[in-house]
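Observations on chain architecture
Spelled out from the first residue to the last, the chains are:
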Amino acid sequence: MAFSFFGLALFLVLTLDSDYASSSVYAATSEGVEITYGSVIKLMHEKTKFRLHSHDVPYGSGSGQQSVTGFPNVDDANSYWIVRPEPDTSVKLGDSIKTGTIIRLQHLKTRKWLHSHLHASPISGNLEVSCFGDDGNSDTGDYWRVEIEGGGKTWRQDQRIRLLHVDTNGFLHSHNKKYSRIAGGQQEVCGVREKRADNVWLAAEGIYLPTTESKATM
């Protein structure tokens, strides 16, 4: 069953980092909301409108790691990702994210990191995108650089972005080629090294922490 916005906010306060307990969380209900560290979001593939998704099902080829797909339905709890910084940085929950910043995306339910490497993706043979690691286990294969399309400098909900994988130089990508068996009806997510119209994503549903500046004036 999908989390309601209220249920997800309560889940964050009760079960995630203790810093959430002293942070205001709110559902994104309009365009222009900033995406900040610690926010829990869904990423929508602009061209197909599918959400970036993962579940505890391994690939049957390639790395054998936890699979990542595009999911057609909006109401699904396996499509939530926590926006995290690189390890050993000084950023805080609620800090804004500028274009060119390296982030990590942690799958909310399984705690694994959005990951890529040189294994071939199952359908198209591009770069495989998987989920790997856990809370205490992350490496540079989990690093993604935020590239905001247009003139924006700070990541907001209404801005089109690309996510460039640091190790492979591949853009997070999807298309309308779908799986027929274990993840039937879900589409392939992979990495490609060319900048294309179908590797653009938008922040969609989620629980967004207010910016650090906003919290300072509350």
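Residues numbered from 1 in each chain as written. Predicted model: local features only at pLDDT ≥ 70, side-chain atom pairs only at ≥ 80, totals over all residues. Heavy atoms only, no water.

Helix and strand counts for the protein stand at two helices and 13 strands. Counting every position in the protein, which comprises 218 residues, the buried fraction comes to 53%. By sequence separation, contacts in the protein at least 24 residues apart represent 68% of the contacts at least 6 residues apart. A total accessible area of about 9,600 Å² is found for the protein, and carbon and sulfur atoms account for 50% of it. (Helix = DSSP H or I, 4+ residues; strand = E, 2+ residues; numbered from the N terminus. Buried < 20%, exposed > 50% of the residue type's maximum accessible area, 1.4 Å probe, protein only. Contact = heavy atoms within 4.5 Å. Areas by Shrake-Rupley, 256 points an atom, 1.4 Å probe, with all protein chains shown as cover.)

Let's shift gears to the pairing of strand S6 (residues 102–107). With six of six residues buried, S6 lies mostly within the body of the structure. Side chains of S6 alternate between two faces, with Ile 102, Arg 104 and Gln 106 and Ile 103, Leu 105 and His 107 buried alike. Looking at chain direction, strand S5 (residues 81–85) and S6 are connected through five bridges and run antiparallel. Bridging from a neighbouring strand, Trp 81 pairs with His 107 of S6. Here S6 runs beside strand S9 (residues 144–148); their pairing, made up of two bridges, is antiparallel. Paired with Ile 103 across the two strands is Trp 144, which belongs to S9. (Pairing = 2+ DSSP bridges.)

Among the structural elements, Asp 142 can be located in the loop between strand S8 (127–132) and S9. Comment: no salt bridge for buried Asp 142; closest opposite-charge side chain is Arg 104, at 5.4 Å. In contact with Asp 142, other than residues within four places in its own chain, are Ile 103, Arg 104, Trp 113, Leu 114, His 115 and His 165. (Lys, Arg positive; Asp, Glu negative; His and termini not counted. Salt bridge = Lys/Arg side-chain N within 4 Å of Asp/Glu carboxyl O.)

Moving on, we come to the packing of aromatic side chains. One pass over the full model with this rule turns up zero aromatic pairs. A cation sits over an aromatic face here: Lys 42 above Tyr 80, 4.7 Å from the ring centre. (Phe/Tyr/Trp six-rings, centres within 6.5 Å; stacked < 30°, edge-to-face > 60°. Lys NZ or Arg CZ within 6 Å of the ring centre and 35° of its normal.)

Of all hydrophobic cores here, the largest spans 29 residues; its most connected members are Leu 52, Val 83, Ile 103, Leu 114, Trp 155, Leu 163 and Leu 172. Of all the secondary-structure elements, those providing two or more residues to this core are strand S2 (40–45), S5, S6, S8, S9, strand S10 (161–165) and strand S13 (201–208). Among all residues touching Leu 52, those that are not within four sequence positions of it are Leu 43, Val 68, Thr 69, Ser 79, Trp 81, Leu 114, Leu 172, Val 189 and Trp 201. (Core = buried A, V, L, I, M, F, W, Y, C linked by side-chain atoms within 4.5 Å.)

Counting across every chain of the model gives eight salt bridges. The salt bridge partner of Glu 34 is Arg 156, with a shortest N-O separation of 3.4 Å. Linking Glu 34 in the loop between strand S1 (26–27) and S2 with Arg 156 in the loop between S9 and S10, this pair joins segments that are 122 residues apart in sequence. Among the residues examined, Glu 34 registers a relative accessible area of 16% and is labelled buried. Between Glu 46 and Arg 160 there is a salt bridge, and its shortest N-O distance comes to 2.8 Å. Of this pair, Glu 46 sits in the loop between S2 and strand S3 (51–58) while Arg 160 sits in the loop between S9 and S10, and the two are 114 residues apart along the sequence. A relative accessible area of 21% means that Glu 46 is categorised as partly exposed.

Mean pLDDT over the protein: 86, with 83% of residues reaching 70 or higher. With pLDDT under 50 throughout, residues 1–6 is counted as low confidence; its partners more than four residues away or in other chains account for 14 contacts. (pLDDT = per-residue confidence, 0-100.)

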